Amino acid sequence: MSTILIPIIILLMIMVVVSLVRGIVAFMQSTKEDLNRDPNATGPTANQLLQNKMMFNRIKYQAAAVVVCAILLAMAR
């Protein structure tokens, strides 16, 4: 069973890093976009929505990795 869980943890860690990088890139682009944005515009921009989505995905993947680690630790006892 641990031979299955370890690759799952590695995959989840990769997904965390990818969503973190994508969120940071969206944040950097959003900052540039905000400087040139019309002051009367309301609501979030597309980059801000992407940033929010990526950071939420990062949290989900981290939580899943913690759960898999907990299962792995429970099996080791």
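Small disclaimer: the values here were computed from a predicted structure and weren't measured. (Residues numbered from 1 in each chain as written. Predicted model: local features only at pLDDT ≥ 70, side-chain atom pairs only at ≥ 80, totals over all residues. Heavy atoms only, no water.)

## Observations regarding the overall build of the protein chain
No. 1: In terms of helices and strands, the protein chain carries two helices and zero strands.
No. 2: Relative to the globule expectation of 11 Å for 77 residues, the C-alpha radius of gyration of the protein chain, 18 Å, shows a markedly less compact shape.
No. 3: Counting the 77 residues in the protein chain, one finds 18% classified as buried.
No. 4: A fraction of 73% describes how many contacts in the protein chain between residues 6 or more apart in sequence connect residues 24 or more apart. (Helix = DSSP H or I, 4+ residues; strand = E, 2+ residues; numbered from the N terminus. Rg over C-alpha atoms; globule rule 2.2 N^0.38 Å. Buried < 20%, exposed > 50% of the residue type's maximum accessible area, 1.4 Å probe, protein only. Contact = heavy atoms within 4.5 Å.)

## Thoughts on the environment of Pro 7
No. 1: Within the secondary structure, Pro 7 sits in helix H1 (residues 2-35).
No. 2: Residue classification places Pro 7 among the partly exposed positions, given a relative accessible area of 43%.

## Describing a nonpolar patch on the surface
No. 1: A contiguous nonpolar patch, built from Met 1, Ile 4, Ile 8, Val 67, Ile 71 and Met 75 and spanning about 540 Å² of accessible area, is present on the exposed surface.
No. 2: Elements that contribute at least two residues to the nonpolar patch include exactly H1 and helix H2 (46-76).
No. 3: Top element by residues in the nonpolar patch is H2. It accounts for three residues.
No. 4: Within the secondary structure, Met 1 is located in the segment before H1. (Patch = residues over 30% accessible without salt bridge, like charges linked within 9 Å, V, L, I, M, F, W, Y side chains within 5 Å. Areas by Shrake-Rupley, 256 points an atom, 1.4 Å probe, with all protein chains shown as cover. Salt bridge = Lys/Arg side-chain N within 4 Å of Asp/Glu carboxyl O.)

## Some remarks on the side chain of Asn 47
No. 1: Relative to the assigned elements, Asn 47 resides in helix H2.
No. 2: Since its relative accessible area comes to 14%, Asn 47 is described here as buried.
No. 3: Once residues within four sequence positions are removed from consideration, Asn 47 is found in contact with Ala 26, Gln 29, Ser 30 and Glu 33.

## As for the environment of Lys 53
No. 1: Here Lys 53 lies in helix H2.
No. 2: What makes Lys 53 exposed here is its relative accessible area of 51%.

## Things to note about the nonpolar core
No. 1: In this structure, Leu 5, Ile 9, Leu 12, Ala 65 and Val 68 together form the largest nonpolar core, which totals five residues.
No. 2: For this core, the secondary structure elements donating two or more residues are H1 and H2.
No. 3: Looking at this core element by element, the count peaks at three residues for H1.
No. 4: Setting aside residues up to four positions removed in sequence, Leu 12 forms contacts with Tyr 61, Ala 64, Ala 65 and Val 68. (Core = buried A, V, L, I, M, F, W, Y, C linked by side-chain atoms within 4.5 Å.)

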